[in-house]
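Fold and contact review
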Amino acid sequence: MSENSKFALPVSNDGDTNVLSMIYRFFKKVSIVGAVYLVGYMQWSVAWLIGPVVLSVLRDQWRRENEYRRNLAKVVAVSSEKDVVLARLDDLPAWVFFPDVERAEWLNRILLQVWPNVNHYAKTILKETIEPAVAESLANFKLNGFKFERMILGTIAPRVGGVKVYDKNLSRNEIIMDVDLFYAGDCDISFVLQRIRGGIKDLQIHGMLRVIMKPLITKIPLVGGLQVFFLNNPSIDFNLVGAADILDMPGFSDILRRCIIEQVAKMMVLPNKLPIKLSDEIPTVDLRMPDPEGVLRIHLVQAQNLMKKDVSMIGKGKSDPYAIITVGAQQWKTKHIDNDVNPRWEFWCEARVMQSLGQALEIEVFDKDDGNNDDKLGRCALDISQVVSAGRLDTWQTLQQAKHGKVHLRLSWHRLSTELADLNQALLEVQLIKNSELSTAVLSVYIDSCKNLPNARAQSKPDPYLQITLGKKTENTAVQMRTDCPVYEIGHSFLVHNPNIDMLEVKVLDQKTGNQLGILMYSVASLLKEKDLTMLSQPINLQKSGPESKILLALQLKILKEAVKEDLEEEASAPPTPEPLPSAPAPDATDAAPPVTIPPVAPTEETDNTSEKSIPVEQIVRQVETPQESQPQPENDTHVHKLVHRVSSLTTSAGEAGLGRILLSLRYSILNQTLYVVVHKIMNIPLKDPTNVPDPYVKLYLLPGRAKESKRKTLIVKDSCMPEYDETFEWVIPHAELHSRQVEVTVATHKGFLGGSPVIGQVIVHLNQYDFREAKTLWFDLLPEVAPRD
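Residues numbered from 1 in each chain as written. Predicted model: local features only at pLDDT ≥ 70, side-chain atom pairs only at ≥ 80, totals over all residues. Heavy atoms only, no water.

What follows is about the overall build of the protein chain. For the protein chain, the helix and strand inventory stands at 9 helices and 36 strands. Contacts in the protein chain between residues far apart in sequence, at least 24 positions, make up 69% of those at least 6 positions apart. When the accessible surface of the protein chain is summed, it comes to about 39800 Å², and 54% of that surface belongs to carbon and sulfur atoms. (Helix = DSSP H or I, 4+ residues; strand = E, 2+ residues; numbered from the N terminus. Contact = heavy atoms within 4.5 Å. Areas by Shrake-Rupley, 256 points an atom, 1.4 Å probe, with all protein chains shown as cover.)

So, in structure tokens, the structure goes:
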């Protein structure tokens, strides 16, 4: 560690010696002895004693781990960025430069300066927006009466871990910046829940925040407004204190955390944005009117070879799998299928996508159990920008955080058009799919205000809020207290099944009485007669209301149009938002191969414009030279968007040791802090006994340590000396630790004595030998085993 560093890891302190802690321990021991005496006196089963003790031990261990993690995050939060880097100077790769650290530190100083004002604004949001929404969510779990009592966010401002400013493929009228935001402050928040007083401390929030500055103007402050949002749901953690500490078990904490994340998502996780107006010259509608980039149509077909989680009398049974699909704040859940590890869901859904670059489609598969203890069967993530670039994508995604399993996805990207002629094609496409839930258009709604609403009670102004409904989706606005002319300035977007028959319904309701103050029924078909399918802001009379009651709103309809290859090529010339660059011509390489699908990752600082690129082969492990050939990629391959590596898919060599060769792809995502390894195939495994053909599989460990949590394993291929897998595995590794890690790849056969697994060969991949700014696809020679097996 550098001598100049002021950063140090927190030290665990279990030796409290004050009088209060001694008294507490005394009464705790008395309680334990009393419990043992009571069990014996009442002649109860020993399970009454062992059960609470086991739960207590697990709870204490869980709390200690969380406390250490929070303390570590707090130390990082109060240290300068340079101190944190210097503390791990010996672990840094050689290409890290301090100018980037200085840039982040400069932004952190600004945050520290404005934090008192942001603190006040955040408290207002907590009280007026988060509190009623969380109370409503908790009521679904029979937990009533939630209310904040004290809200002090402290003096520690959020920190910025990294900043990326886009300088390519942008409109002249905007600036786009991604910020890796991390908050671990000294907040002090107290609340009441079912007359139990508790508190939240050590609140932590971490996520990738995007800031869009637009439009740019010629007067100070030079920027008309900001749009701030998280690309994906941020991670949120906290510690419960006070009387509610007795409820600080994973179950209750998860419920409260889930409710808070839901409300944060409704505010500022795509497709929801937090708009901030900076200049009065810019109309509010320009900032708050939703402007989707497109619609992602998702078809989750099936899953294969899922883990068996159910336990039966004769051992492990099957699972009852279901899947949860997430795109930002949008989420869908499939039905569960009983007793099937190869379920076929045939589930369709559609996601409104505001920013395709950096946003991910996530799939989580669970085994349904009684209660809320569903077992996780794995997860996978796919970068939406890959689908945007391809137009269509039909792919099998290997489930991570699982021993085995994969899901089948069919995805299509739909641009938005204001041409009325595209509507018939969209309607025909939905009819061919034969799914009544799919949409043909997107309706953006901006509601500015209402005027001259009637009183809900005699001589008392109403507390109005709006309920906006289209199809099966309903959105509610915030309540405006004691006014008959409420100002909302809010925008929402809705998927429209058929513009010819769908209706937009806006109800004005009084919160106190629940009475309806007015209603607007607007036919979406009316927009088909408007220029550019748009109705500019104008007042419309409310029905079943006062004679002068009006609502001021703006509407815009856009038709879904599936993106085909020609459209994508046209858009690539001048895209309105950052998109990956088209692929470069492939250089000559050793034995051209079919395209290799690299695991989906979010764009990084080095690779944001290289999501499709031909990369030369770099054989650094026992390279075997072969004649060079070139095999062009099929011209009509629009089926799957891939990161292509021109590397030999065939090899005649059995390697230096004569044990065969294995083809691997390696990639590291700085944004996700994740290493991806794809096991493609093995070739030329020696056949020593023709009557005993091997059943090979591949086992991977992350070194050093060979921990059980780092173990990954492919499927077994029966009777093959040239098995193919194409399975993807991932490990979350901090970037500073990447150069000190290795991946142990072991090839074994399942046909051993009494079901054993003799090792065929092994290779150790040293990650410090690679520049991970580009993905690598390499052949490795299998060598005799050098590491002990589990």
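Next up on the list: the environment of L453. The topology assignment puts L453 in the loop between β19 (441-451) and β20 (464-470). Distance in space between the C-alpha atoms of L453 and P486 is 8.7 Å, their sequence separation being 33 residues. In this structure, L453 is in contact with P464, D484, P486, V508, L517, L542 and S549, ignoring residues within four places of it in sequence.

The next subject is the packing of aromatic side chains. A full pass over the atoms with the stated rule returns 3 aromatic pairs. Aromatic pair Y322 and F366: ring centres 5.7 Å apart, planes at 25 degrees, arrangement stacked. Of this pair, Y322 sits in strand β12 (residues 321-327) while F366 sits in strand β15 (residues 360-367), placing them 44 residues apart in sequence. When its relative accessible area of 5% is taken as the criterion, Y322 is described as buried. Among the aromatic residues, those joined into a ring-pair cluster are F146, F148 and F191. The aromatic ring of Y322 is capped on one face by K333, whose charged end is 4.6 Å from the ring centroid. Of note, K713 hangs over the ring of Y697, and the distance from its end group to the ring centre comes to 4.7 Å. (Phe/Tyr/Trp six-rings, centres within 6.5 Å; stacked < 30°, edge-to-face > 60°. Buried < 20%, exposed > 50% of the residue type's maximum accessible area, 1.4 Å probe, protein only. Lys NZ or Arg CZ within 6 Å of the ring centre and 35° of its normal.)

This part covers a nonpolar patch on the surface. A cluster of nonpolar side chains, contributed by V19, I23, F26, F27 and V30, occupies part of the molecular surface with about 510 Å² of accessible area. With respect to the element layout, F26 can be found in helix α1 (residues 19-41). By relative accessible area, which is 52% here, F26 ends up exposed. (Patch = residues over 30% accessible without salt bridge, like charges linked within 9 Å, V, L, I, M, F, W, Y side chains within 5 Å. Salt bridge = Lys/Arg side-chain N within 4 Å of Asp/Glu carboxyl O.)

Take the pattern of salt bridges next. Evaluation of the coordinates by the stated rule reveals 21 salt bridges. Among the ionic pairs, E131 bridges to K127, the shortest N-O distance being 3.0 Å. With E131 and K127 both in helix α4 (residues 98-139) and 4 residues apart, the pair spans about one turn of that helix. Residue E131 is classed as buried on the basis of its relative accessible area, which comes to 11%. Note that K718 is salt-bridged to D695, the shortest N-O span being 3.8 Å. Of the two residues, K718 is situated in the loop between β32 (712-713) and β33 (724-732) and D695 in the loop between β30 (674-683) and β31 (696-703); the sequence distance between them amounts to 23 residues. On the accessibility criterion, D695 (4% relative accessible area) is buried.

Our focus in this paragraph is the sheet that holds strand β24 (residues 516-523). If you walk across this open sheet you meet the 4 strands as β21-β20-β23-β24, and the pairing is antiparallel. Only two strands of the sheet have a single partner each, and these edge strands are β21 (473-476) and β24. The mean angle between the axes of side-by-side strands here comes to 15 degrees, regardless of whether they run parallel or antiparallel. Where β20 and strand β23 (residues 503-510) come together, 7 bridges link them in antiparallel fashion. Within β23, the position partnered with I468 by the bridge is V506. (Pairing = 2+ DSSP bridges. Axes fitted to C-alpha atoms, helices over the stretch in contact; angles between N-to-C directions.)

Next up on the list: the confidence of the model for the protein chain. Per-chain confidence: the protein chain averages 78 in pLDDT, with 74% of residues scoring 70 or above. With pLDDT under 50 throughout, residues 1-7 is counted as low confidence; its partners more than four residues away or in other chains account for 16 contacts. Scored below 50 in pLDDT, residues 573-646 makes 176 contacts in the model with residues more than four places away or belonging to other chains. (pLDDT = per-residue confidence, 0-100.)

What follows is about the sheet that holds strand β13 (residues 330-333). What the 4 strands build is an open sheet, ordered β13-β12-β15-β16; its pairing is antiparallel. Single-partner strands in this sheet number two, and they are β13 and β16 (375-383). Going across the sheet, the axis of each strand differs from the next one's by a mean of 15 degrees, ignoring polarity. Judged from the 7 bridges that link them, β12 and β15 form a sheet pairing that is antiparallel. The partner of P321 across the bridge, within β15, is D367.

Now for the pairing of strand β9 (residues 294-304). Counting buried residues along β9, 10 of its 11 residues qualify, which places the element largely inside the surrounding structure. Across 8 bridges, the pairing between β9 and strand β14 (residues 344-353) is antiparallel. Note that in β14 the partner of R297 across the bridge is E350. Looking at chain direction, β9 and strand β18 (residues 406-417) are connected through 9 bridges and run antiparallel. Bridge pairing in β18 links H299 to R410.

Our next topic: unusual backbone geometry. Here the bond from K214 into P215 is cis, since omega is -5 degrees, no more than 30 degrees from zero. By secondary structure assignment, the location of P215 is in the loop between β5 (196-213) and β6 (225-230). Looking along the chain, the bond that leaves I220 and enters P221 is cis, with omega of 15 degrees. Tracing the sequence through the fold places P221 in the loop between β5 and β6. We note that N452 has phi near 55 degrees; this positive angle belongs to a residue other than glycine. Residue position: N452 is located in the loop between β19 and β20. With a phi close to 55 degrees, Q459 is a non-glycine residue in the positive phi region. One can find Q459 in the loop between β19 and β20.

Under the counting rule described, the total for this entry stands at 0 disulfides. C450 provides the cysteine sulfur closest to C485, a residue in no disulfide bond, and the two sulfurs are 9.0 Å apart. Of the residues examined, C485 reaches a relative accessible area of 31% and is grouped as partly exposed. (Disulfide = S-S within 2.5 Å.)

A separate point is the environment of L504. Inspection of the secondary structure puts L504 in strand β23. Given the relative accessible area of 1%, L504 is considered buried. Taking C-alpha positions, L504 is 5.1 Å from Y522, a pair spaced 18 residues apart along the chain.

In this fold, S665 is placed in strand β29 (residues 661-669). Within the local environment of S665, its side chain forms a polar contact with the side chain of T777, the two groups lying 2.8 Å apart. (Polar contact = N/O pair within 3.5 Å; in protein donor to acceptor, adjacent residues only side chain to side chain.)

It is worth spelling out the environment of K699 at this point. Mapping K699 onto the fold places it in strand β31. Spatially, the C-alpha atom of K699 lies 5.2 Å from that of T746, the residues being 47 residues apart in sequence.

As a further point, take the side chain of T483. Note that T483 resides in the loop between β21 and β22 (487-496). With residues up to four places along the chain from it excluded, the contact list for T483 reads K461, P462 and P464.

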